Amino acid sequence: MENLGNYKLVFLGDQAVGKTSIITCFMYGNFDTNYQATIGVDFLSKTMRYEDRTFRLQLWDTAGQERFQNKQTFLNTSKWIQEVRAERGSHVIVVLVGNKTDLIHKRQVSIEEGDNKASEFGALFMETSAKAGFNIKPLFCKITSALQGNEAVSGTKQEDLVDVNLKASTKSSRAEHDQVESSCC
Ligand code: GDP
Ligand code: MG
């Protein structure tokens, strides 16, 4: 298995949009536990498998200071994205995440608005609900897939670009690894 290295994944956004909940849902498959309260680590690692390659994702949570209403948190993502681009350049992969889709009647932003904004900023877009566990794993699969794409473009030969599939891992293979490993499905 080829290890394609460590990738830092930083969760940015206003307070209470669900950053910690998304990480918790992905890592532990539950919604209520706040890992920061119990473990108190800077970041959590998860290895994602993509075909015969592995990507180690470091999930860095951040704590925003201000709490805004739903629509404002969407508008504020421009600022977050611009800050990242200014700091890290244009090669960084940005995913705009619209969380809390389970709050159907409180929706302030349409999928189209989210999609348009992501396109405008050269970002990927996904809607999730940490509470319902909706699209959480696909979110990380999308990120892994984008990393794979970047890697292929920057380093590998053309023939490595073909036939890229996201495969589900079997339970037995998962049991053999004591580090947490997740395959895309
Ligand atoms: P953070 O400040 O961005 O890390 O946000 P948290 O993960 O602490 O979540 C803030 C609040 O929103 C908490 O009360 C969560 O339970 C709630 N929350 C997070 N994700 C969802 C979601 O998908 N749906 C709903 N309804 N509530 C959510
Ligand atoms: Mg948080």
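Our structure's up above, just so we're on the same page.
1. Here's the deal with the packing of helix H3 (residues 70–88) against helix H4 (residues 111–120)
Phase 1 of the analysis: Across the interface, H3 lies against H4 with an axial gap of 10 Å and an inter-helix angle of 15°. Judged on the interaxial angle alone, H4 and H3 are roughly parallel. The element H3 and its partner H4 pack so that their crossing is left-handed. Residues Lys71, Phe74, Leu75, Thr77 and Ser78 of H3 touch H4, and the partners they reach there are Glu113, Gly114 and Lys117.
Phase 2 of the analysis: Residue classes in the contact of H3 with H4 are distributed as two nonpolar, three polar and three charged.

2. A word on the pairing of strand S3 (residues 53–60)
Phase 1 of the analysis: Summarising burial for S3: six of the eight residues are buried, a large majority.
Phase 2 of the analysis: By the bridge criterion, seven bridges tie strand S1 (residues 2–10) to S3 in an arrangement that is parallel. Counterpart to Lys8 in the pairing with S3 is Gln58.
Phase 3 of the analysis: Sheet topology places strand S2 (residues 43–50) next to S3; eight bridges connect them, and they run antiparallel. Across the sheet, residue Ser45 finds its bridge partner in S3, namely Gln58.
Phase 4 of the analysis: Counting the residues that bridge the hairpin from S2 to S3 gives two residues, and of these Glu51 lies at a positive phi of roughly 55°.

3. Considering the packing of aromatic side chains
Phase 1 of the analysis: Enumeration over the complete set of coordinates arrives at five aromatic pairs.
Phase 2 of the analysis: Ring centres of Phe26 and Phe140 lie 3.7 Å apart, and the angle between their planes is 5°; this geometry places the pair in the stacked category. Here Phe26 is found in helix H1 (residues 19–28), whereas its partner Phe140 is found in helix H5 (residues 136–154), with 114 residues between them in sequence. Considered together, Phe26 and Phe140 belong to a single accessibility category, that of buried residues.
Phase 3 of the analysis: A ring pair is formed by Tyr50 and Phe55, whose centres lie 6.5 Å apart and whose planes are at 80°; its orientation type is edge-to-face. Each member of the pair, Tyr50 as well as Phe55, is classed as buried.
Phase 4 of the analysis: Three or more aromatic residues link up through ring pairs in this structure, and these residues are Tyr7, Tyr50 and Phe55.
Phase 5 of the analysis: Over the aromatic face of Phe26 sits the side chain of Lys46, whose NZ or CZ is 4.7 Å from the ring centroid.
Phase 6 of the analysis: Here the basic side chain of Lys117 rests over the ring of Phe74, its NZ or CZ set 4.5 Å away from the ring centre.

4. Remarks on the site of ligand 1
Phase 1 of the analysis: Surveying the vicinity of ligand 1 reveals 16 residues, the closest of which are Ala16, Lys19, Thr20, Ser21 and Asp102.
Phase 2 of the analysis: Between ligand 1 and the protein, one listed contact pairs an oxygen atom with a side-chain N or O atom of Ser129 at 3.3 Å.
Phase 3 of the analysis: In this structure, an oxygen atom belonging to ligand 1 sits 3.2 Å away from a main-chain N or O atom of Lys131.
Phase 4 of the analysis: For ligand 1, the protein covers 74% of the area, taking 580 Å² as the surface of the free molecule.
Phase 5 of the analysis: Tallied by class, residues from the shell around ligand 1 come to five nonpolar, six polar and five charged.

Definitions and limits used
Residues numbered from 1 in each chain as written. Chains lettered and ligands numbered in written order. Predicted model: local features only at pLDDT ≥ 70, side-chain atom pairs only at ≥ 80, totals over all residues. Heavy atoms only, no water. Axes fitted to C-alpha atoms, helices over the stretch in contact; angles between N-to-C directions. Helix = DSSP H or I, 4+ residues; strand = E, 2+ residues; numbered from the N terminus. Parallel < 35°, antiparallel > 145°, perpendicular 65-115°, else oblique. Left-handed = near helix turned anticlockwise from the far one by under 90°. Contact = heavy atoms within 4.5 Å. Nonpolar A, V, L, I, M, F, W, Y, C, P; charged D, E, K, R; others polar. Buried < 20%, exposed > 50% of the residue type's maximum accessible area, 1.4 Å probe, protein only. Pairing = 2+ DSSP bridges. Phe/Tyr/Trp six-rings, centres within 6.5 Å; stacked < 30°, edge-to-face > 60°. Lys NZ or Arg CZ within 6 Å of the ring centre and 35° of its normal. Near = heavy atom within 4 Å. Polar contact = N/O pair within 3.5 Å; in protein donor to acceptor, adjacent residues only side chain to side chain. Areas by Shrake-Rupley, 256 points an atom, 1.4 Å probe, with all protein chains shown as cover.

Geometric descriptors of this kind do not, in isolation, establish any biological role.
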